[in-house]
Amino acid sequence: MKRYTLPLIAGLGAVIGAGAVFSYDRFAAPGGADQARIERVVHDYVLAHPEIIPQAMQKLQEQQSEQAVAANRDAITTPFGSAWAGNPKGDVTLVEYFDYNCGYCRASLPLIADLIKRDPKLRVVYRDLPILSDESRIAARASLAAAQQGKFLGFHDALYAGGPVSDASIKTAAAKAGVSLAAIDVAAVDAEIAKNMQTAAKLGMNGTPSWVVGDRILSGALPIEEIEKAIAAARAS
């Protein structure tokens, strides 16, 4: 029989809960025959109920996500300049990590607008995560310059409306939003991009759009009902 470590026994005991005939607290320091008996019970229970393995892994992933969000909350929820929308004093913050070359991010624009319209207590924070191309980084610099100048949303919407990202589309969006590209503080915006990259890595994000709401991390283009459910859970907690 494969030998199981004590942390695994404890973890499975927590997952199995009332369904098992033992608890970790009762066997805080097992050894010899006691430990062998516990391992046999765990082994037999897992074989009889293999569905608890993905359940346990999902629970572990949720716990790790919650811990990562809590440890990096300021870096996640504090907007850079004017890179936010909705209620500035909202009781729940939805954070979107996005890339201007991401088609799913573009498709999420009306979803975010609907969320803000339907939920007057929601604050949305936008975080540039330029991972798809060199043009994405150029666009992110212009986006953050717009945020520094208090014109983020105008630039954001104009650039997405301008089609594929290029030097020309960036300049056109900047002109429409009244953003001075000559005034980019390269050191500040590059530091912000680097921070977003580091935070995204800590959160286990590997694509855009990625979302943080409350203690949860969500990925991809999602139906509005799923995001509203996460918002409601964050509000309830």
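First, a word on what this report is: a plain description of the structure on this page.

Calculation rules
Residues numbered from 1 in each chain as written. Predicted model: local features only at pLDDT ≥ 70, side-chain atom pairs only at ≥ 80, totals over all residues. Heavy atoms only, no water. Salt bridge = Lys/Arg side-chain N within 4 Å of Asp/Glu carboxyl O. Helix = DSSP H or I, 4+ residues; strand = E, 2+ residues; numbered from the N terminus. Buried < 20%, exposed > 50% of the residue type's maximum accessible area, 1.4 Å probe, protein only. Pairing = 2+ DSSP bridges. Axes fitted to C-alpha atoms, helices over the stretch in contact; angles between N-to-C directions. Parallel < 35°, antiparallel > 145°, perpendicular 65-115°, else oblique. Left-handed = near helix turned anticlockwise from the far one by under 90°. Contact = heavy atoms within 4.5 Å. Nonpolar A, V, L, I, M, F, W, Y, C, P; charged D, E, K, R; others polar. Core = buried A, V, L, I, M, F, W, Y, C linked by side-chain atoms within 4.5 Å.

As for the pattern of salt bridges
And step 1. Under the defined criterion, the tally for this structure stands at 8 salt bridges.
And step 2. Here Asp 190 and Arg 141 are joined by a salt bridge, their closest N and O atoms 2.8 Å apart. Of the two residues, Asp 190 is situated in helix H10 (residues 186-202) and Arg 141 in helix H7 (residues 134-148); the sequence distance between them amounts to 49 residues.
And step 3. Given the relative accessible area of 29%, Arg 141 is considered partly exposed.
And step 4. Each member of the salt-bridge network shares a partner with another, and the members are Asp 91, Asp 119 and Arg 235.

Some remarks on the pairing of strand S2 (residues 92-98)
And step 1. S2 sits mainly inside the fold: 7 of its 7 residues count as buried.
And step 2. Taking every second residue as pointing to the same face, both faces of S2 are buried, with Val 92, Leu 94, Glu 96 and Phe 98 on one and Thr 93, Val 95 and Tyr 97 on the other.
And step 3. With 7 bridges joining them, S2 and strand S3 (residues 122-128) adopt parallel strand pairing. Within S3, the position partnered with Leu 94 by the bridge is Val 124.
And step 4. Where S2 lies against strand S4 (residues 210-213), 4 bridges are found, and the strand directions are antiparallel. Directly across from Glu 96, in S4, lies its bridge partner Trp 211.

Observations regarding the packing of helix H6 (residues 109-118) against helix H11 (residues 224-236)
And step 1. Two numbers describe how H6 lies on H11: the axes approach to 11 Å, and their chain directions differ by 45°. By the criterion of interaxial angle, the relationship of H6 to H11 is oblique. Seen along the crossing, H6 lies across H11 with a hand that is right-handed. Where H6 approaches H11, its residues Leu 111, Asp 114, Leu 115 and Arg 118 are matched on the opposing element by Ile 224, Ile 227, Glu 228 and Ile 231.
And step 2. Taken together, the residues of the contact of H6 with H11 break down into 5 nonpolar, no polar and 3 charged.

Section: the sheet that holds S3
And step 1. Across the sheet, 5 strands lie side by side as S1-S3-S2-S4-S5; this open sheet has mixed pairing. The sheet is open, and its two borders are formed by strand S1 (84-86) and strand S5 (216-219), each paired with just one other strand. On average, each strand axis in the sheet is tilted by 20° relative to the strand beside it, whichever way the strands run.

Let's talk about the nonpolar core
And step 1. The biggest cluster of nonpolar side chains holds 43 residues, and the ones touching the most others in it are Tyr 100 and Phe 155.
And step 2. Tallying contributions element by element places H7 first for this core, with 6 residues.
And step 3. Sequence-distant contacts of Phe 155, defined by excluding residues within four places in its chain, comprise Tyr 100, Ala 139, Ala 142, Ser 143, Ala 146, Ile 170, Ala 173, Ala 174, Ala 177 and Val 179.
And step 4. In this structure, Val 69, Val 125, Leu 203 and Val 212 belong to the second largest nonpolar core, which totals 11 residues.

Take it as geometry only, folks, not as evidence of what the structure does.
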